[in-house]
Amino acid sequence: MSEFKQTQGNSAAMPAHGHVPTGRHRVVIIGSGFGGLFSARAFEHADVDVTLISSTTYHLFQPLLYQVATGILSEGLIAPSTREVLAKQKNVEVAYGKVVDIDLQSQTVTASALGTDTIYDYDSLIVAAGSGQSYFGHPEFAVYAPGMKSIDDALELRGRIFGAFELAEIAAASGRHQDLERLMTFVVVGAGATGVEMAGQIAELSKRTLPHDFRNIASEDARIILIDAADAVLPAFGDHLGAKARKKLESMGVEVWLDTKVTNVDADGIEVETAAGKQERIPALTKVWAAGVQASELGKTLGEQSGAELDRAGRIKVQPDLSLPGYPNVYVVGDMISLDNLPGVAQVAIQGGKFAAKQILHRLKGEATDARFKYFDKGSMATISRFSAVASVGKLRFSGFIAWFMWLAVHLFYIIGFKSQLGTFFHWAVSFLGRARGERTSTEQQIFARNALDESGFQAKVPLGSGRALPERTPDPKRDAG
């Protein structure tokens, strides 16, 4: 068994065992995103016990994070409680904690929550830990340019965006006009779907929502710049839709800088290098990082133990049936996998999670498993502004209002829970048909707390005493099938 690092304050010699043994096949799922949640749901009515471990207490509908950041939606609408979502599925238990170790030989997972480690044994394992933001070797950029991967990111960005306008109002009213350019410039790095949606919403915010709210600044004069090292907007959507998206953004006043590489980010601006080698500095208080993803560190843990290769983004090369090489009872799904150039989108995670669950149930019934995971591409969509979007579905390409309406319908359908669907629809009606945004509340804590905690070295700990010991593992042909 791999060595477990003991957390200060935990009196147990080994982490306590996290679930009561029942004798039934135990499936452990890591992650409460699309892959984890939909794989857990696929075990409904199955004769198995499921433990879902997640570092958050909610299921995050990540495609709508940018709407939390720009004041359209509240975080609760796109992040319902995982326990509430799975409450009626009696064979599933939810455990809070960040997975810090996986031991493939002993078939255990160790999770840490507020300084206390807990160990979970499994018969089958589904790893759906997702991905984080990649800063391409410059993690220090994150202090000044938050990503778009978590609720914390979105709330921090909401505070930074609305706070920039507040500071600009103070500067203008007090005659500090030299500060206005920096305060009213917003830079979005990354011209993929997230970057395009974010740039479009900041433009709409400045031109539709805020113009009547200030007395000393004209919010519509805000400068929004979209930067990407690639030579196209929305490259995954093809040249035609990418060109339409760029044209729409530019008509909204967004400056699109392509073939432009970010070389440095600090508190007051961002430095870039053009394709011609020209160095330029853009004074900007508010920066958004929407470029690049890095798979969960658990991919490295699995790779070291199984010998599976990792790609440059940390994604692990799995077998065609999504299993880990040499470990047919371990499946990896979603953003963590490198297989057939599958995109890092929600549908890959959803379909992969369901597929992995089906494979486990086939094995338990003694049935043949599927040799290969087949992804059904349901298309890609991205909004640019209200009434304007682009959509690629098979060989069909849509843009404008039709694509925007399709985007609304699809995203409303996949939001978990009727309560969230109804609330989202209401907020959309207020924001898209009117000019208001109902979620403009932000605090200094949201903006500065994470950086302050990092600088102080504070670590939240709630030590717990010793608990149940990990039981001895007894061979069971049905349980250990595969």
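Our subject is the structure that appears above.
Q: Please give an account of the packing of aromatic side chains that cites residues and values.
A: Under the counting rule described, the total for this entry stands at 14 aromatic pairs. Centre to centre, the rings of Phe413 and Tyr414 are 5.0 Å apart; their planes meet at 90°, and the pair counts as edge-to-face. Residue Phe413 is classed as exposed on the basis of its relative accessible area of 59%. Following the ring pairs from residue to residue traces out a cluster consisting of Phe387, Phe401, Trp404, Phe405, Trp407, Trp428 and Phe432. One residue, Arg41, lies across the ring of Phe38, its end atom 5.8 Å from the ring centre.

Q: Requested: an account of helix α12 (residues 418-433), with residues and values cited.
A: Taking 1.5 Å as the rise per residue, α12 with 16 residues should run 22 Å; its terminal C-alpha atoms sit 22 Å apart, in good agreement. The secondary structure elements touched by the buried residues of α12 are α2 (65-69), α3 (75-78), α7 (193-209) and α11 (401-414).

Q: I'd like a rundown of the pairing of strand β5 (residues 98-103), residues and numbers included.
A: Bridge count for β5 against strand β6 (residues 108-113) is five bridges, and the pairing is antiparallel. Bridged to Val99 within β6 is Ala111. Taken together, β5 and the strand that follows it, β6, pair antiparallel across an intervening segment of four residues, in which Gln107 is found at a positive phi of about 60°.

Q: I'd love a proper account of a nonpolar patch on the surface, names of residues and values included.
A: Taken together, the side chains of Tyr96, Leu114, Val462 and Leu464 make up a nonpolar region of the molecular surface, amounting to roughly 370 Å² of accessible area. Looking at the element boundaries, Tyr96 is found in strand β4 (residues 92-96). Tyr96 gets classed as partly exposed once you look at its relative accessible area, which sits at 41%.

Q: Talk me through unusual backbone geometry; I want residue IDs and the actual numbers.
A: Of note in the backbone geometry, Leu114 takes a positive phi value of approximately 50° without being a glycine. With respect to the helices, strands and loops of the structure, Leu114 is situated in the loop between β6 and β7 (116-121).

Q: Give a detailed account of the packing of α11 against α12, specifying residues and quantitative values.
A: Relative placement of two packed helices is described by the angle separating their axes and the distance separating the axes. Between α11 and α12, the least distance of the axes is 10 Å, while the angle of their chain directions is 150°. In this view, α11 runs roughly antiparallel relative to α12, as classed from their interaxial angle. Residues Trp404, Trp407, Leu408, His411, Leu412 and Phe413 of α11 lie in contact with α12, whose contacting residues are Gln421, Thr424, Phe425, Trp428 and Phe432. For the contact of α11 with α12, a count of residues per class yields eight nonpolar, three polar and no charged.

Procedures and definitions
- Residues numbered from 1 in each chain as written.
- Predicted model: local features only at pLDDT ≥ 70, side-chain atom pairs only at ≥ 80, totals over all residues.
- Heavy atoms only, no water.
- Phe/Tyr/Trp six-rings, centres within 6.5 Å; stacked < 30°, edge-to-face > 60°.
- Buried < 20%, exposed > 50% of the residue type's maximum accessible area, 1.4 Å probe, protein only.
- Lys NZ or Arg CZ within 6 Å of the ring centre and 35° of its normal.
- Helix = DSSP H or I, 4+ residues; strand = E, 2+ residues; numbered from the N terminus.
- Expected span 1.5 Å × (residues − 1).
- Contact = heavy atoms within 4.5 Å.
- Pairing = 2+ DSSP bridges.
- Patch = residues over 30% accessible without salt bridge, like charges linked within 9 Å, V, L, I, M, F, W, Y side chains within 5 Å.
- Areas by Shrake-Rupley, 256 points an atom, 1.4 Å probe, with all protein chains shown as cover.
- Salt bridge = Lys/Arg side-chain N within 4 Å of Asp/Glu carboxyl O.
- Axes fitted to C-alpha atoms, helices over the stretch in contact; angles between N-to-C directions.
- Parallel < 35°, antiparallel > 145°, perpendicular 65-115°, else oblique.
- Nonpolar A, V, L, I, M, F, W, Y, C, P; charged D, E, K, R; others polar.

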